[in-house]
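Read off the chains here:
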Amino acid sequence: MAKFDGVKGQELLDVEVSDKEITLIFKDNRFLFVRLEDGRIACESVPE
């Protein structure tokens, strides 16, 4: 999955959990947001 190549091997600094979303924060200041949408897992990476 080339979409996630930017976070492969990056050190994970923190995980934040809210009611609707999990946020993974990586050492290179990249954020990965994971949530459920219509029963499916949706991910968004900032920056992409």
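See the structure above.
None of the values given here were measured: they were computed from a predicted structure.

What counts and what doesn't
Residues numbered from 1 in each chain as written. Predicted model: local features only at pLDDT ≥ 70, side-chain atom pairs only at ≥ 80, totals over all residues. Heavy atoms only, no water. Helix = DSSP H or I, 4+ residues; strand = E, 2+ residues; numbered from the N terminus. Polar contact = N/O pair within 3.5 Å; in protein donor to acceptor, adjacent residues only side chain to side chain. Buried < 20%, exposed > 50% of the residue type's maximum accessible area, 1.4 Å probe, protein only. Contact = heavy atoms within 4.5 Å.

Visitor: Please set out the side chain of arginine 30 residue by residue, giving values where relevant.
Guide: On the secondary structure map, arginine 30 appears in the loop between β2 (22-26) and β3 (31-37). Within the structure, the side chain of arginine 30 is placed 3.0 Å from the backbone oxygen of proline 47, a separation counted as a polar contact.

Visitor: Go over the side chain of serine 45, please, and point to the residues and values.
Guide: Along the polypeptide, serine 45 turns up in strand β4 (residues 40-46). By relative accessible area, which is 12% here, serine 45 ends up buried. Within the structure, the side chain of serine 45 is placed 3.1 Å from the backbone oxygen of proline 47, a separation counted as a polar contact. If sequence neighbours within four positions are ignored, serine 45 has contacts with Arg30, Phe31 and Leu32.

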